[in-house]
Amino acid sequence: MTQATFEGAGRNRLAKAGAHIDRKHSLRFTFDGRQMIGYRGDTLASALVANGARVIGRSFKYHRPRGLLTAGSDEPNALVELRRGARREANTRATTTELYDGLIADSQNRWPSLKFDIAAAAGLASPLLHAGFYYKTFMWPAAFWEKLYEPLIRRAAGLGRAATDPDPDHYEKAFAHCDVLVIGAGPAGLMAALAAGRGGARVIVADEDFALGGRLLSEQVAIGDEAADDWISAVEAELEALPNVRIIRRATVFGVYDGGTYAALERVADHLAAPAPFMPRQRIWRIVARRSVLAAGANERPLVFGGNDRPGIMLASAARTYINRFAAAPGRRVAVFTAGDDGWRTARDAMRAGVEIAAVIDARTGVLSPENARIASTALRIMSGSQIVATSGAHGVRNISVRDSRGKISTIACDAVLMSGGWSPALHLTCHLGSKPVWDNDGSAFLPGELPPGMIVVGAAGAHFTLSQCLATGADAGRKAAMESGFPSASFAVPAAEDETTALTPLWHVKDSRGPAFVDFQNDVTTKDIAIAAREGYKSVELLKRYTTLGMATDQGKTANVNGMALLAEVRALPIAIVGTTVYRPPYVPVAIGALAGHHRGKEFRPVRLTPAHDWAVAQGAVMRESGAWLRAGWFPRSGEDWLAATIREVTATRSAVGFCDVSTLGKIDIQGADAAAFLDRVYCNTFSTLPVGKVRYGLMLREDGFVKDDGTTSRLGSEHFLMTTTTANAVGVMQHLDFCQCLWPEMDVQMTSVTEQWAQFSVAGPRARDVLAKLVDIKHDISNASFPYLSARELTILRGTPARLFRISYSGELAYEIAVPARFGAALAGAIASAGAEFGIEPYGTEALSVMRIEKGHVAGNELNGTTTARDLGLEKLMSSKKDYIGRVLSQRPAQLDPGRWRLVGLKPQNRSQRLSAGSHLIDRDKSATTGNDQGYVTSTAYSPALGHWIALALLKRGATRHGEVIRAVDLLRATDIEVEVCDPVFLDPKGERLHA
């Protein structure tokens, strides 16, 4: 065996291995303040291995020293803090962190240092801190919980420190459609992408690594007549050249959703010290694919034995990765402990790299393959039928105790143990729509159950572990996915590959081990914890998970779950297939909240929506105000006017002549179908099936619990065609509600879509409103009072052929119309209305004037439709049909909702007409003190009424309908006002509606 040679750039850096690092570009980085050197192509983990770092972190519960276990996203131990200041990021896996020059990393969950952690003293009490300790201990005495237990637990909880300053980076969301999504770019994924891409399908390849190739990057194998690295380069070059193929590197598909939708996280700039200007740090992709090919590979399982968590003990496949890909030796004298043939492959590659092999310990007897026999024929120490029962070493393994087939225990010196307990397919994405994996006894692994629609599983993710199987299943899946997407099958030869042996005899744990045997490394869950949980009645895998925290670490049980389930099955004397698995849910890997939010932060928390006539309003000097997600004109001030003066002028002009307002923000939902009328009867509490074509009706919608959800108007444009309008604030909620109702009654022939953004709409109100519209509506359309009375609706043309819709409805209480045109004509229509009304003294008015006029007319809005009011509370009980069923009808009859003592809508006038009323004031009887016990209701909306010359208000008052004429007090403790008010009808102006019908 050749002796390994090491570089000066790292005490464990191999001089003759590592084809995937660039030794010409060295990178400096620090770990816990210690300066180190790595190379371009390293991960932080591989650079730490090369520099001889053994202890990388501390476990969560006992603060035990932990080293690297894996080389990928399944790493439970090596969680570090990256960067400083506002960019500090906790709980980042060193194994997936791409090294860059100047990287700063710190260990976490330790104090005062990684090597000396005071909290590690908890390990001395580990015999007492078994599963359920917290539940049993912190129950008594009860008074201690709030004062002692909870503060201590909260102080101890958590891993790492989040940044305290605002995140300086930004995040993006992106959307893509494809015929075939290939998840993973190992041999199976590359073959699938090649087959589908050659067939002409639009292909997206998403891989979480920064280099394509998957496990091939870590293996010494040949494909056809060329080395694996050369084959990867050739396939990558061909895929890059295909115009119908997109490769997204550093992208992890973390969720599968309905309708062929997949979510992926792309780490755009995580491999840089700081993103370039305008570069996002991370990007969330929403990918909609006709077909998907899951080529996510498999996760190697640890072996469970006494002291298996010491630094230096890692998975055998991870060691191959560090040796072959990164030229980093996990130790200088290593032992291999395996239950299958895969561990022998690690021994072979370590030998080729010159790493000293202390022993190959195989738990099996008499199962040597020809390849393993050749390895055994060397001068290695081979121990068949043997098991590691204990380890020793303070900050890393130094010695192992091995029990042979005769029961004799030997001590072997080594600084690393490379363990292989078999492979578990990475099938998590197959379960995100509710399916559960199925146990396969022959392969000793869970296999995918029912697949999401359109998904094909290939390679190791489908338990096809040999390289030839990966290539073949990938090519077949790529061709099939392309053909099912409507593309021809691309014929090409699948390259040959030597079939490696994959024999395995599962070893779930080494019995009679000395010392704790860990199943979940991050949460310190041991075999003892699982046995205790089962003995105490937590026999379901879901209950076991929550009682012991098994699989609840940041790796979501990728390395722990199968071993834990097997141990539970053993304790319960049941097959693993009966015990089953926990539920796999998105995300597959942790996703930063910033990435999920994207640009939605600060002022961009939600997109600002502008009406089609926004620029026109701004040009007129409008003061823009936020109205839900929209910017709307609040008022149009003239020189020297404040908001109140401008509002009074706008209201006066509208009431005396004519005004117009942009109401494009109202929700507009187009509803069509043979059952559209019947559908509306079910969602509204009043009847719409009797509404004639060309008419509008006010509608009231209840929630399932009988409370008012929203109000608005619905017009019948055709026998099977309706247009519903909603309040601006509830537009999205009503659309969601209708979608839900459609699911309740799938047999109904009804289709609906939101058209809010497709139409610009303006209210033209006032005594001269008809005169203004007569100058806009094409002459062939009669809009006289006789031909187009109140509550009419019609599709017509304006301005010589522009399509439009005209509705005679009023929110102001005046003769009024709402005219709608396609959104592209919105600004032009605003200008045309202003020009047509100039001779009549027309004024544009904003939301403040709109609010004043609706309060004068007693119309309810969001302040009154607040989710706690019923139709009776608002005086709208006449709309509640007794001849049909509708959503909310039954629960609206509950005694509490029929209680005559409920708050009812009323109007309020100040006794002293010069006093100003304020919204939010509480209503108190004249002779009672202002206390909660004497509260009779509150003021919902207030306005100065130009028509009446004083302030008025709408309010909800206990037994309000019977108290008109009574004088009470409106008390606002915040503003220190106490005003006597007269209770009156909520309709202050034109109670008979004569103006509406003018």
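Everything that follows concerns the structure shown earlier in this document.
Residues numbered from 1 in each chain as written. Predicted model: local features only at pLDDT ≥ 70, side-chain atom pairs only at ≥ 80, totals over all residues. Heavy atoms only, no water.

## Things to note about the overall build of the protein chain
Phase 1 of the analysis: Assigned secondary structure in the protein chain consists of 22 helices and 50 strands.
Phase 2 of the analysis: The principal-axis extents of the C-alpha atoms in the protein chain amount to approximately 110 × 70 × 55 Å.
Phase 3 of the analysis: The buried share of the protein chain, reckoned over its 998 residues, is 56%.
Phase 4 of the analysis: For the protein chain, restricting intrachain contacts to residue pairs at least 6 apart in sequence, the fraction spanning at least 24 positions comes to 66%.
Phase 5 of the analysis: Looking at the protein chain as shown, the accessible area adds up to about 41,100 Å², and 54% of this sits on carbon and sulfur atoms.
Phase 6 of the analysis: Placing the 114 positive and 104 negative side-chain charges of the protein chain at their respective mean positions leaves the two points 3 Å apart. (Helix = DSSP H or I, 4+ residues; strand = E, 2+ residues; numbered from the N terminus. Buried < 20%, exposed > 50% of the residue type's maximum accessible area, 1.4 Å probe, protein only. Contact = heavy atoms within 4.5 Å. Areas by Shrake-Rupley, 256 points an atom, 1.4 Å probe, with all protein chains shown as cover. Lys, Arg positive; Asp, Glu negative; His and termini not counted. Charge placed at Lys NZ, Arg CZ, Asp CG, Glu CD.)

## Concerning the sheet that holds strand 34 (residues 659–662)
Phase 1 of the analysis: Strand order across the open sheet formed by six strands is 41-42-43-40-34-44, with mixed pairing between neighbours. The sheet terminates laterally at strand 41 (793–798) and strand 44 (843–844), the two strands that pair on one side only.
Phase 2 of the analysis: Examined bridge by bridge, strand 42 (residues 802–807) and strand 43 (residues 816–822) share three bridges and lie antiparallel to one another. From the neighbouring strand, Leu806 faces strand 43, where its bridge partner is Ile819.
Phase 3 of the analysis: The strands touched by helix 20 (residues 826–836) within the sheet are strand 34, strand 40 (759–765), strand 41 and strand 43, with strand 40 carrying the most contacts at an inclination of about 15 degrees. (Pairing = 2+ DSSP bridges. Axes fitted to C-alpha atoms, helices over the stretch in contact; angles between N-to-C directions.)

## Some thoughts on the environment of Ala629
Phase 1 of the analysis: Tracing the chain through its elements places Ala629 in the loop between strand 32 (623–627) and strand 33 (630–635).
Phase 2 of the analysis: Classification of Ala629 as partly exposed rests on a relative accessible area of 22%.
Phase 3 of the analysis: Distance in space between the C-alpha atoms of Ala629 and Pro607 is 7.0 Å, their sequence separation being 22 residues.
Phase 4 of the analysis: The residues touching Ala629, leaving out its near neighbours within four places in the chain, are Arg606, Pro607, Val608 and Arg609.

## Quick look at the nonpolar core
Phase 1 of the analysis: Counting residues in each nonpolar core, the largest one holds 77 residues, and the members touching the most others are Leu44, Tyr322, Phe337, Ile361 and Ile400.
Phase 2 of the analysis: Of the residues forming this core, the biggest block, six residues, is contributed by helix 1 (residues 44–50).
Phase 3 of the analysis: Excluding its chain neighbours within four sequence positions, the residues that come into contact with Ile400 are Ala335, Ile361, Ile388, Ala390, Thr391, Ser410, Thr411, Ile412, Cys414 and Val417.
Phase 4 of the analysis: The next biggest cluster of nonpolar side chains, apart from the first, holds 39 residues, and it includes Val203, Ile223, Val235 and Ala481. (Core = buried A, V, L, I, M, F, W, Y, C linked by side-chain atoms within 4.5 Å.)

## Some words on the sheet that holds strand 7 (residues 103–106)
Phase 1 of the analysis: Here we have five strands laid out as an open sheet, ordered 2-1-7-5-6, and mixed in their pairing. A strand with exactly one partner marks an edge of an open sheet, and here the two such strands are strand 2 (34–40) and strand 6 (89–93). The sheet shows a mean angle of 40 degrees between the axes of neighbouring strands, direction not considered.
Phase 2 of the analysis: Where strand 5 (residues 79–82) and strand 6 come together, three bridges link them in antiparallel fashion. Residue Leu82 lies in a different strand from strand 6, and its bridge partner there is Glu89.

## Topic: helix 12 (residues 561–572)
Phase 1 of the analysis: For helix 12, spanning 12 residues, the distance from its first C-alpha to its last is 16 Å, which sits close to the expected 16 Å at 1.5 Å a residue.
Phase 2 of the analysis: Burial runs high along helix 12: nine of the 12 residues are buried.
Phase 3 of the analysis: Residue Ala573 follows helix 12 closely and has a positive phi angle near 55 degrees. (Expected span 1.5 Å × (residues − 1).)

## A closer look at the packing of aromatic side chains
Phase 1 of the analysis: This structure, assessed with the given rule, holds 11 aromatic pairs.
Phase 2 of the analysis: Ring plane angle 65 degrees and centroid distance 5.4 Å describe the contact between Phe305 and Phe337, whose orientation is recorded as edge-to-face. Remark: Phe337 occurs in strand 18 (residues 333–338) and Phe305 occurs in the loop between strand 16 (298–300) and strand 17 (313–315); sequence separation between them is 32 residues. An identical accessibility class is assigned to Phe305 and Phe337; each is buried. (Phe/Tyr/Trp six-rings, centres within 6.5 Å; stacked < 30°, edge-to-face > 60°.)

## What about the pattern of salt bridges?
Phase 1 of the analysis: According to the stated counting rule, one finds 54 salt bridges in the structure shown.
Phase 2 of the analysis: Across the salt bridge formed by Arg479 and Asp476, the nearest N and O atoms sit 2.8 Å from each other. Note that Arg479 and Asp476 are positioned in helix 9 (residues 467–484) at a spacing of three residues, about one turn of the helix.
Phase 3 of the analysis: The partly exposed category is assigned to Asp476, whose relative accessible area is 44%.
Phase 4 of the analysis: With a shortest N-O distance of 2.6 Å, Arg655 and Glu856 are connected by a salt bridge. With Arg655 in helix 16 (residues 643–656) and Glu856 in helix 21 (residues 847–857), the pair connects residues that are 201 residues apart, well separated along the chain.
Phase 5 of the analysis: Of the residues examined, Arg655 reaches a relative accessible area of 11% and is grouped as buried.
Phase 6 of the analysis: Counted as one network, the salt bridges with shared partners bring together Arg215, Glu219, Arg320, Asp342 and Arg345. (Salt bridge = Lys/Arg side-chain N within 4 Å of Asp/Glu carboxyl O.)

## A few points about unusual backbone geometry
Apart from glycine, the bulk of residues carry a negative phi angle, and the bulk of peptide bonds sit in the trans form.
Phase 1 of the analysis: The linkage connecting Trp111 with the following residue, Pro112, adopts the cis geometry, with an omega of 5 degrees.
Phase 2 of the analysis: By secondary structure assignment, the location of Pro112 is in the loop between strand 7 and helix 2 (133–137).
Phase 3 of the analysis: Of the consecutive residues Pro586 and Pro587, the connecting peptide bond is found in the cis state with omega at 0 degrees.
Phase 4 of the analysis: Looking at where Pro587 falls in the secondary structure, it is placed in the loop between helix 13 (576–579) and helix 14 (593–597).
Phase 5 of the analysis: One non-glycine residue, His63, lies in the positive phi region at around 55 degrees.
Phase 6 of the analysis: Summarising the element assignment, His63 is placed in the loop between strand 3 (57–58) and strand 4 (65–66).
Phase 7 of the analysis: Judged by relative accessible area, His63 falls into the buried class, the value being 13%.
Phase 8 of the analysis: A positive phi angle, close to 55 degrees, is found at Gln556, a residue other than glycine.

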